[in-house]
Amino acid sequence: MESTQTAAASEPSDAVNAPDHKATLQRYLQAARDALLWKLDGLDERAARWPSTPTGTNLLGLVRHAAGVEIDYFGRTFGRAWPTPEEVAWAAEDAEDNADMWATAEESTDSVVDLYRRVWTFADETIAALDLDALGRVPWWPAEIADVTLFQVIVHVTSDLTRHAGHADILRELTDGSAGLRADGDNLPPLSDQEWSAYVERLRGVAEEAQRRADVRPT
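Residues numbered from 1 in each chain as written. Predicted model: local features only at pLDDT ≥ 70, side-chain atom pairs only at ≥ 80, totals over all residues. Heavy atoms only, no water.

**Thoughts on the environment of Asp97**
Here's step 1: Inspection of the secondary structure assignment puts Asp97 in the loop between helix H5 (59–74) and helix H6 (109–129).
Here's step 2: Note: C-alpha distance between Asp97 and Thr126 (29 residues apart in sequence) is 28 Å. (Helix = DSSP H or I, 4+ residues; strand = E, 2+ residues; numbered from the N terminus.)

**Quick notes on the nonpolar core**
Here's step 1: Of all hydrophobic cores here, the largest spans 45 residues; its most connected members are Leu36, Leu40, Phe74, Tyr116, Val157 and Leu161.
Here's step 2: Breaking this core down by element, the ones donating at least two residues are helix H3 (21–38), helix H4 (45–49), H5, H6 and helix H7 (150–176).
Here's step 3: Residue contributions to this core peak at ten residues, all from H5. (Core = buried A, V, L, I, M, F, W, Y, C linked by side-chain atoms within 4.5 Å. Buried < 20%, exposed > 50% of the residue type's maximum accessible area, 1.4 Å probe, protein only.)

**Overview of the confidence of the model for the protein chain**
Here's step 1: Across the protein chain, pLDDT averages 91, with 92% of residues at or above 70.
Here's step 2: Within the model, the stretch residues 1–15 combines pLDDT values under 50 with three contacts to residues more than four positions away or in other chains. (pLDDT = per-residue confidence, 0-100. Contact = heavy atoms within 4.5 Å.)

**Details of H5**
Here's step 1: In this model, H5 (16 residues) spans 23 Å end to end at C-alpha, consistent with the 22 Å of a helix rising 1.5 Å per residue.
Here's step 2: Of all 16 residues that make up H5, 16 are buried, and the element is covered over most of its length. (Expected span 1.5 Å × (residues − 1).)

**Here we look at the environment of Ala134**
Here's step 1: Here Ala134 shows up in the loop between H6 and strand S1 (135–137).
Here's step 2: Each C-alpha atom, one on Ala134 and one on Trp102, is 33 Å from the other, the two residues being 32 residues apart in sequence.
Here's step 3: Apart from residues no more than four positions distant in its own chain, Ala134 is found in contact with Phe78, Val148, Thr149 and Leu150.

**Focus: the packing of H3 against H5**
Here's step 1: Contact geometry of H3 with H5 gives a least axis separation of 10 Å together with a crossing angle of 155°. Put simply, H3 runs roughly antiparallel to H5. Crossing of H3 against H5: the hand is left-handed. Touching Leu29, Arg33, Leu36 and Leu37 of H3 are Leu62, Val63, Ala66, Glu70 and Phe74, all from H5. (Axes fitted to C-alpha atoms, helices over the stretch in contact; angles between N-to-C directions. Parallel < 35°, antiparallel > 145°, perpendicular 65-115°, else oblique. Left-handed = near helix turned anticlockwise from the far one by under 90°.)

**Comments concerning the side chain of Thr57**
Here's step 1: Among the secondary structure elements, Thr57 is positioned in the loop between H4 and H5.
Here's step 2: Other than its neighbours up to four places away in sequence, Thr57 contacts Trp50, Pro51, Ser52, Leu62 and Leu171.

**Some points on unusual backbone geometry**
Here's step 1: Backbone geometry places Asn98, a non-glycine residue, at a positive phi of 65°.
Here's step 2: Inspection of the secondary structure puts Asn98 in the loop between H5 and H6.
Here's step 3: Note on Asn98: relative accessible area 48%, which makes it partly exposed.

**Examining the environment of Ala35**
Here's step 1: On the secondary structure map, Ala35 appears in helix H3.
Here's step 2: As for Ala35 and Arg182, which are separated by 147 residues in sequence, their C-alpha atoms are 6.3 Å apart.

**Looking at the packing of H5 against H6**
Here's step 1: The N-to-C vectors of H5 and H6 enclose an angle of 25°; their axes lie 9 Å apart at closest approach. Taken together, the axes of H5 and H6 are roughly parallel relative to one another. Helix-helix and strand crossings are classified by hand; for H5 and H6 the assignment is left-handed. Residue-level inspection shows Leu60, Val63, Arg64, Ala66, Ala67, Glu70, Ile71 and Phe74 of H5 in contact with H6, the latter providing Thr109, Val112, Leu115, Tyr116, Val119, Trp120, Phe122, Ala123, Thr126 and Ile127.

**Here we look at the packing of aromatic side chains**
Here's step 1: Inspection of the entire model under this criterion finds five aromatic pairs.
Here's step 2: The interplanar angle of 80° and the centroid separation of 5.0 Å between the aromatic rings of Tyr73 and Trp140 together place this pair among those described as edge-to-face. Remark: Trp140 occurs in the loop between S1 and strand S2 (147–149) and Tyr73 occurs in helix H5; sequence separation between them is 67 residues.
Here's step 3: According to the relative accessible area criterion, Tyr73 is buried, its value standing at 9%.
Here's step 4: Taken together, the aromatic side chains of Tyr73, Trp140 and Trp141 make up a single cluster linked through ring pairs.
Here's step 5: Between the NZ or CZ atom of Arg46 and the centre of the ring of Trp50, over which it lies, the distance is 4.1 Å. (Phe/Tyr/Trp six-rings, centres within 6.5 Å; stacked < 30°, edge-to-face > 60°. Lys NZ or Arg CZ within 6 Å of the ring centre and 35° of its normal.)

**Structural notes on the pattern of salt bridges**
Here's step 1: Taken as a whole and judged by the stated rule, the model has 15 salt bridges.
Here's step 2: Residue Arg212 is joined to Glu209 by a salt bridge in which the shortest nitrogen-to-oxygen separation is 2.8 Å. Here Arg212 and its partner Glu209 are both found in helix H8 (residues 193–216), three residues apart, which amounts to about one turn of the helix.
Here's step 3: One network of salt bridges, in which partners are shared, links Arg33, Glu70 and Asp124. (Salt bridge = Lys/Arg side-chain N within 4 Å of Asp/Glu carboxyl O.)

Right, here's the structure in full:
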């Protein structure tokens with residue numbers, strides 16, 4: 001018969017096995033940040049800010065926008081101010097429309113990336129200092145939902161950045177064909193350029209056939 005002492009020793013320790021929810025949340029947040037910056041790697045100044053959609057979406061602008069998002073949500077929401085507000089005047093409430101979605105010709109890609117990395121430090125200080133149930137207030141949200149917790153803010157910001165990382169995936173592929181999930185593994189099938197071209201042509205054919213079928217389908 002197993003002794004009580006031996007049995008107790010073999011039981012998993014809650015202290016050892018308890019999930020670190022904050023660390024998990026922060027890991028996903030950092031993955032979205034890294035993805036945004038990775039999509040800028042190797043681009044010149046023109047390509048980094050070239051508008052690739054009818055609404056002007058561009059890679060460097062996405063990073064600039066992300067910096068403003070994190071300053072606001074991890075700063076103003078919890079009573080912290082970015083130490084050099086003139087540096088991010090484009091994110092002010094009275095700035096022109098879309099001012100946070102593009103970088104001026106005077107701002108280098110390196111300077112925007114450096115700003116965003118410093119914003120990470122600022123945001124991570126908030127996360128480290130507060131419990132997940134710590135209360136904050138988002139002043140630009142409707143009053144009835146403006147009171148939030150740090151947990152909600154991390155989830156909200158991660159969702160926002162992940163959406164923009166998806167935008168960046170498409171923009172970079174349209175820019176020079178580069179694609180993939182992350183720098184250490186693109187998560188794509190190992191197809192040759194010829195095989196990718198054939199795959200795309202196959203999808204185009206499927207799309208055309210689907211439309212032909214729809215056109216003759218009885219209404």
